[in-house]
Every structure is written in structure tokens, then in C-alpha cells.
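Descriptive analysis of the structure
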Amino acid sequence: MEAFALKTPETIKEELDTASDAVADTQYDYRRLEEHKKIAQEQLTLSYKLKNNCSMAESKSYAIADENYKVLADGVIEAERKYSKAKSNYANLLSQLDYMRSWISCQKHLKL
């Protein structure tokens with residue numbers, strides 16, 4: 001606890017900036033992959049439609065079952081996990097900062 005209290009405001013701001021940058025970067029990656037997943041599904045659907053000369057509904061089923069789509073879906077899930085962890089880390093850092101403010105305040109009042 002005291003180690004955190006000894007940090008300068010500049011150091012704390014730097015840590016918060018680093019954590020918020022991580023949130024922004026992982027959110028960007030997640031949203032980008034989410035959009036690419038939609039595009040890939042449509043491209044695969046159209047390619048199966050042309051290749052198999054079947055209905056759009058059937059083509060969509062083929063597209064979703066395609067191994068390339070599965071890999072992309074797994075990537076989206078992993079990006080979402082990283083984004084969630086980065087958000088949690090940032091929230092934890094803010095909570096720790098609030099806790100330390102309270103702790104320091106209590107220490108000051110106890111010494112009176």
C-alpha cells in the first residue's frame with residue numbers, strides 16, 4: 001500500500017494513460033475484427049452461392065460452417081477477451097487509486 005502512496009502524480013498518470021491506451025487499442029482490434037467477420041461471412045455466402053448454385057440461406061449455412069470463418073470467429077472471441085481484460089485492468093487501477101486516496105486520508109486522520 002505504501003509503495004503506491006509513494007508514487008508521484010506523474011507516475012500514476014502515466015500508468016493510467018498506459019492502461020487507457022491498452023483499452024483503446026484492444027477495443028479497436030475487437031471492433032475491426034467484428035466488422036471483418038461480417039464481411040467475410042457475406043463473401044463466403046456469395047462464393048458458395050455461385051459455386052453450388054443454391055439458395056442464399058443454404059449458402060449462408062455453408063459459409064458459417066467454413067473453416068476460414070471459424071478461424072475468424074475464434075479471432076473475434078479472443079479479441080473480445082483481450083478487450084474485456086484491458087477494461088477490467090483499467091477499472092482495477094482506478095479502484096486501487098480511489099482506495100489509496102481513502103487509505104492515505106485515514107492515515108492522516110489517525111495521526112492527529
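As the structure is a computational prediction, the values presented were derived from the model and not from experiment. (Residues numbered from 1 in each chain as written. Predicted model: local features only at pLDDT ≥ 70, side-chain atom pairs only at ≥ 80, totals over all residues. Heavy atoms only, no water.)

The next point concerns the overall build of the protein chain. Along the backbone of the protein chain there are four helices and zero strands. Secondary structure of the protein chain in N-to-C order comes out as α-α-α-α. Evaluated residue by residue, the protein chain yields a buried proportion of 23% over its 112 residues. Contacts spanning at least 24 positions in sequence make up 66% of the contacts within the protein chain whose residues lie at least 6 apart. Here the protein chain has roughly 8200 Å² of accessible surface; of this, 56% comes from carbon and sulfur atoms. (Helix = DSSP H or I, 4+ residues; strand = E, 2+ residues; numbered from the N terminus. Buried < 20%, exposed > 50% of the residue type's maximum accessible area, 1.4 Å probe, protein only. Contact = heavy atoms within 4.5 Å. Areas by Shrake-Rupley, 256 points an atom, 1.4 Å probe, with all protein chains shown as cover.)

Glancing now at the packing of helix α2 (residues 9–52) against helix α4 (residues 67–111). α4 packs onto α2 with a crossing angle of 160 degrees between their chain directions and a minimal axis gap of 8 Å. Considered as vectors, α2 and α4 are oriented roughly antiparallel to each other. The two elements α2 and α4 cross, and the hand of that crossing is left-handed. (Axes fitted to C-alpha atoms, helices over the stretch in contact; angles between N-to-C directions. Parallel < 35°, antiparallel > 145°, perpendicular 65-115°, else oblique. Left-handed = near helix turned anticlockwise from the far one by under 90°.)

All right, on to the pattern of salt bridges then. Under the criterion given, the structure shown has six salt bridges. With a shortest N-O distance of 3.7 Å, Arg32 and Asp29 are connected by a salt bridge. With Arg32 and Asp29 both in helix α2 and three residues apart, this pair spans about one turn of that helix. The salt bridge partner of Lys70 is Asp74, with a shortest N-O separation of 3.1 Å. Separated by four residues within a single helix, Lys70 and Asp74 lie in helix α4, roughly one turn from each other. The class for Asp74 is partly exposed, based on a relative accessible area of 40%. (Salt bridge = Lys/Arg side-chain N within 4 Å of Asp/Glu carboxyl O.)

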